[in-house]
Structures are given as C-alpha cells and as structure tokens.
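The lines below spell out each chain.
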Amino acid sequence: MFGRKPKGIKEGDYVFASKPDGQFNNIVFGMATGVDGKKIGVSGLVVNAVGLKNKIAQGKAGPRSVEILQNPTPENCILAFIYRTEHETFNEVLDVDENKVIPISEKAYYVLDGWIRESIPELLNNVLSLPDGPERDQAKRVVKQRMDTLYDKNLKQNLYSVCRSLKILN
C-alpha cells in the first residue's frame, strides 16, 4: 500500500495533471522524469487559462466552463485553450494524493503542447473577441494561414475541428 507507484505511470511517460490555483486549477502536461512512491517528477508546461477565468468572473461563461477549470481533463482542456492563456515551464514534483495525474499518449501530449507553443489560444481569442467586420475577417485569415503551416497532422486536425465548431471556418 505505501510506496505504491501511481497506476501505469513510469519514467518517460507523458502525463496530464491539474494544480490548484485559487478557486480553479491550472493545467500541467509534460513527461514524467521520475516516479518515487506517490511522487511524480514532471517536466513540461503549466498553463493558466486566464481568458476563461476572466469570462467566468464577468459572468459570460456557463457551468461547463467552471467545470473545465475545476476538473480539467486531457479531453476538455482544449476548450479552456480557446481563450487567452499564460504558460511557463514546469519542473516540479507532483503528489498523486493532491494532484490528479493521468497518463496520456504521445499524440495527446503533442496536440496540447502544439496549442500552447503555436500561440493558438491568442489567435482564436482574437477572432472571438472582435465584432463582425473586416478586422475579424483578417483575424480568421490569420488562423487559417497558421493552420495551413502546421506540421503536426494531429494538431492540425484538432484545430480544424475546433475552428469548424466555433464557425471560424466558413
């Protein structure tokens, strides 16, 4: 019982976790650099979804947005990445009793990492925050151009799907 390794996670695996930040959680994803009992060293990124937090504070977001920030998962966190984010390098040890640590595939890791490193949240936020008109059309063209230059096929498909559902592609 004591000193048991977290289920299925070993050094070199990609992981997703959440880290408390006030009322909500920040999103952590990276590679497990070491596993010692219930402690996992993670090297990657920590993402603060400040745009979605602002929408909630302004009363412009519903209960689903609150749920995403209180219980982020690899599947729903992309919805937090539609708005402005802040990120920084993460090299810390997480305790599985305090932080929900989930193993993710390499493909999922590179999609999440690509969203942040390619500044996709800022591009999408530009489109969503502008009123209809020539400036918004230009912001849509910038998103489409960025999408066309992405090398990662999975990231490109994921971005296309999100843009289609947000009616950015028309």
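That block above? That's the structure.
Draft legend 1. Broad picture of the pattern of salt bridges. All told, the structure shown has 9 salt bridges when counted by the stated rule. The partner of Asp21 in a salt bridge is Lys53, with the nearest N and O atoms 3.1 Å apart. Placement of Asp21 in strand 1 (residues 14-21) and of Lys53 in helix 1 (residues 50-57) is noted, with a sequence separation of 32 residues between them. You can call Asp21 partly exposed: its relative accessible area is 33%. Relative accessible area serves as the criterion here: at 14%, Lys53 is assigned to the buried category. In this structure, the salt-bridge partner of Arg84 is Glu86, at a minimum N-O distance of 3.4 Å. Using a relative accessible area of 40% as the deciding quantity, one classes Glu86 as partly exposed.

Draft legend 2. Summary view of the sheet that holds strand 2 (residues 24-36). Taken in spatial order, the 5 strands make up an open sheet running 4-3-2-1-5, and their pairing is antiparallel. At either margin of the open sheet sits one strand with a lone partner, and together these are strand 4 (86-95) and strand 5 (101-104). On average, each strand axis in the sheet is inclined to that of its neighbour by 30°, with strand direction left out of account. As defined by bridge partners, strand 1 adjoins strand 5 across 4 bridges and the pair is classed as antiparallel. Each residue of the ladder has a partner; that of Tyr14, found in strand 5, is Ile104. Contacting strand 1, strand 2, strand 3 (39-48), strand 4 and strand 5, helix 4 (residues 106-117) runs over the sheet at an angle of about 130° to strand 2.

Draft legend 3. Representation of the side chain of Asn25. Relative to the helices and strands, Asn25 resides in strand 2. A polar side-chain atom of Asn25 sits 2.6 Å from the main-chain carbonyl oxygen of Gln70. If we skip the residues at most four places from it in the chain, Asn25 touches Ser18, Lys19, Pro20, Leu69, Gln70, Asn71 and Pro72.

What counts, and where the lines are drawn
Residues numbered from 1 in each chain as written. Predicted model: local features only at pLDDT ≥ 70, side-chain atom pairs only at ≥ 80, totals over all residues. Heavy atoms only, no water. Salt bridge = Lys/Arg side-chain N within 4 Å of Asp/Glu carboxyl O. Helix = DSSP H or I, 4+ residues; strand = E, 2+ residues; numbered from the N terminus. Buried < 20%, exposed > 50% of the residue type's maximum accessible area, 1.4 Å probe, protein only. Pairing = 2+ DSSP bridges. Axes fitted to C-alpha atoms, helices over the stretch in contact; angles between N-to-C directions. Contact = heavy atoms within 4.5 Å. Polar contact = N/O pair within 3.5 Å; in protein donor to acceptor, adjacent residues only side chain to side chain.

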